[in-house]
Amino acid sequence: MSNADRIDRIRVALQQSLAPHHLDIQDDSHLHAGHAGARDGRGHFTVSVVSEAFQGLSPIARHRAVYTALGGMMETDIHALSIHARTPAEAG
């Protein structure tokens, strides 16, 4: 599976679970070429998510919500994930 396909799957999963006002997914895999974790074919990504679902949640709880939304993709498609999770009020 290509990283473009992975991004599509990540986008669908986050949209369905978190109904984001804003969602940006960046493929950072090229920055990790040769890295031991990159050899298994899974990607490195950064997600920026703005969602009402994060209202009242601590930063760790927001990250858990993203991981829950992605489910098994963390084991099959994603090697590393950087998360920026904010509410609409925090995003300005």
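Everything here concerns the structure above.
Quick notes on the rules
- Residues numbered from 1 in each chain as written.
- Predicted model: local features only at pLDDT ≥ 70, side-chain atom pairs only at ≥ 80, totals over all residues.
- Heavy atoms only, no water.
- Helix = DSSP H or I, 4+ residues; strand = E, 2+ residues; numbered from the N terminus.
- Buried < 20%, exposed > 50% of the residue type's maximum accessible area, 1.4 Å probe, protein only.
- Contact = heavy atoms within 4.5 Å.
- Areas by Shrake-Rupley, 256 points an atom, 1.4 Å probe, with all protein chains shown as cover.
- Core = buried A, V, L, I, M, F, W, Y, C linked by side-chain atoms within 4.5 Å.
- Pairing = 2+ DSSP bridges.
- Axes fitted to C-alpha atoms, helices over the stretch in contact; angles between N-to-C directions.
- Parallel < 35°, antiparallel > 145°, perpendicular 65-115°, else oblique.
- Left-handed = near helix turned anticlockwise from the far one by under 90°.

Colleague: Tell me about the overall build of the chain, and please be specific about residues and values.
Modeller: Each helix and strand in the chain was counted, giving four helices and three strands. Moving toward the C terminus, one meets the helices and strands of the chain in the order α-β-β-α-α-β-α. Put simply, the chain has 92 residues, and 37% of those count as buried. Restricting to contacts in the chain with at least 6 residues of sequence separation, those with at least 24 account for 69%. Here the chain displays about 5,100 Å² of accessible surface, and carbon together with sulfur accounts for 51% of that area.

Colleague: Break down the nonpolar core for me, with residues and values.
Modeller: I10, L14, V47, V66, L70 and L81 are the most contacted members of the largest nonpolar core, which totals 19 residues. Looking at which element gives the most residues to this core, the answer is helix 1 (residues 3–18), with five residues. The contacts of L14, once residues within four sequence positions are left out, are A19, P20, L23, V47, V49, V66, A69 and L70.

Colleague: I'd love a proper account of the environment of M74, names of residues and values included.
Modeller: Within the secondary structure layout, M74 lies in helix 3 (residues 73–76). Assessed through its relative accessible area of 21%, M74 is described here as partly exposed. With 32 residues separating them in the primary sequence, M74 and R42 have C-alpha atoms 9.0 Å apart. Setting aside anything within four residues of it in sequence, one finds M74 in contact with R42, Y67 and L81.

Colleague: Describe the pairing of strand 2 (residues 43–50), and please don't skip the residues or the numbers.
Modeller: The side chains of a regular strand alternate between the sheet's two faces. Of all eight residues in strand 2, eight are buried; the element is thus mostly enclosed. Side chains G43, F45, V47 and V49 of strand 2 all project onto a buried face; the interleaved residues H44, T46, S48 and V50 project onto the opposite face, where all are buried too. As paired strands, strand 2 and strand 3 (residues 78–86) are joined by eight bridges and run parallel to one another. Paired with F45 across the two strands is L81, which belongs to strand 3.

Colleague: Account for the packing of helix 1 against helix 2 (residues 59–70), with residues named and values stated.
Modeller: It is at 8 Å that the axes of helix 1 and helix 2 come closest, and there the two elements cross at 120°. With respect to their mutual orientation, helix 1 and helix 2 come out oblique. Regarding helix 1 and helix 2, the two cross each other, and that crossing is right-handed. Here I10, A13, L14, S17 and L18 of helix 1 come into contact with helix 2, specifically with A65, V66, A69 and L70.

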